[in-house]
Amino acid sequence: MQCGTQFSESAKPPLHCPICEDERQFVRHSGQEWTTLERLAADHRNRLEEEASRLLGIGTEPEFAIGQRALLVQSPAGNLLWDCITLLDDRTIAEVNARGGIRGIAISHPHYYTTMVEWAEHFDAEIFLHTADREWVVRTSPRIQFWEGTRLPLWDDLTLINCGGHFEGGTVLHWPAGENGKGALLTGDIIQVVQDRRYVSFMRSYPNLIPLGATAIRRILEQVESVAFEQIYGAWWKANVLSDAKAALRKSAERYVRAITS
Ligand SMILES: [Zn+2]
């Protein structure tokens, strides 16, 4: 219930969730609780709303687990689900199918692995995860492809970029067709869009307030320096930098490094 990650089927609930017990997350004060997709679907539903043209947001109401929304990038050679959420309900399946289904699922980091295998099986999709975060996969599947290195080109010039930071395998998606061809980055919380949406930020742990160091920040900047983007779409509804996002990233990184080194 805390991170929304689905484990392989078992007769009894697992004893531990490594993702919650990691220093970047937490177990609730009342202890770990478990649920099933059926129980979740009984009192939750998904909200589907366009965040931009050809970019459908999918989140759960009332909010569940970490509370992120996923994004369906609608692309000519096949749709890509960027990040994932736990609940997959009938209305979501119908709405996604009406937009052409899902060819692939790419996920920024383990906090959003959720029920990725469920989604992949349902839509007959492949899953792209960076191999550096392989240890955090708690439900394995032959549909998961672990990729290595700093770039993974997909179709239609969609590209996965490994930035590290929050997680070693931390990945962002470059969507060159976004914002009428000016480009967009979809970042989850590898690059987190903050309340003041002229800025972004970066953390090793958000709930436990563990910052990143200057070297990690510079690595993130370097990894996205060569791609063009006007916008950044973060992990939450409307958590988006809608213009001049590359400059916003640069000044946010400078501000951050100044704060941690002064
Ligand atoms: Zn996270």
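Look a little higher up for the structure.
Residues numbered from 1 in each chain as written. Predicted model: local features only at pLDDT ≥ 70, side-chain atom pairs only at ≥ 80, totals over all residues. Heavy atoms only, no water.

1. Topic: the pattern of salt bridges
Pairing is possible between side chains that carry opposite charge, provided their charged atoms lie close to one another. What the rule picks out here adds up to 15 salt bridges. The shortest N-O distance in the salt bridge between Arg69 and Glu51 comes to 2.6 Å. In this pair, Arg69 sits in the loop between β2 (55-61) and β3 (70-73) while Glu51 sits in strand β1 (residues 45-52), placing the two residues 18 residues apart along the sequence. The two residues Arg69 and Glu51 agree in class, both being buried. For Arg250, the salt bridge is made with Glu225, and the minimal N-O distance between the two is 3.9 Å. Separated by 25 residues along the polypeptide, Arg250 in helix α7 (residues 245-261) and Glu225 in the loop between α6 (214-224) and β16 (231-234) bring together distant segments of the chain. Looking at Arg250, the relative accessible area reads 36%, which means it is partly exposed. (Salt bridge = Lys/Arg side-chain N within 4 Å of Asp/Glu carboxyl O. Helix = DSSP H or I, 4+ residues; strand = E, 2+ residues; numbered from the N terminus. Buried < 20%, exposed > 50% of the residue type's maximum accessible area, 1.4 Å probe, protein only.)

2. Topic: the packing of helix α3 (residues 90-98) against helix α4 (residues 116-123)
Remark: α3 packs on α4, axes separated minimally by 12 Å, with the N-to-C direction vectors making an angle of 55°. One finds that α3 runs oblique with respect to α4. The two elements α3 and α4 cross, and the hand of that crossing is right-handed. In this structure, α3 uses Thr92, Ile93, Val96 and Asn97 to contact α4, whose residues at the interface are Trp119, His122 and Phe123. (Axes fitted to C-alpha atoms, helices over the stretch in contact; angles between N-to-C directions. Parallel < 35°, antiparallel > 145°, perpendicular 65-115°, else oblique. Left-handed = near helix turned anticlockwise from the far one by under 90°. Contact = heavy atoms within 4.5 Å.)

3. Considerations on the sheet that holds strand β4 (residues 80-82)
The seven strands lie next to each other as β1-β2-β3-β4-β5-β6-β7, forming an open sheet whose pairing is mixed. Either end of the sheet is taken by a strand with one partner, and the two such strands are β1 and β7 (144-147). With strand direction ignored, the average angle separating the axes of adjacent strands in the sheet is 25°. Taken strand by strand, α3 contacts β1, β2 and β3, and its axis lies near 30° from that of β1. Here α4 sits on the sheet and contacts β2, β4, β5 (104-106), β6 (126-130) and β7; the angle it forms with β6, its principal contact strand, is near 150°. (Pairing = 2+ DSSP bridges.)

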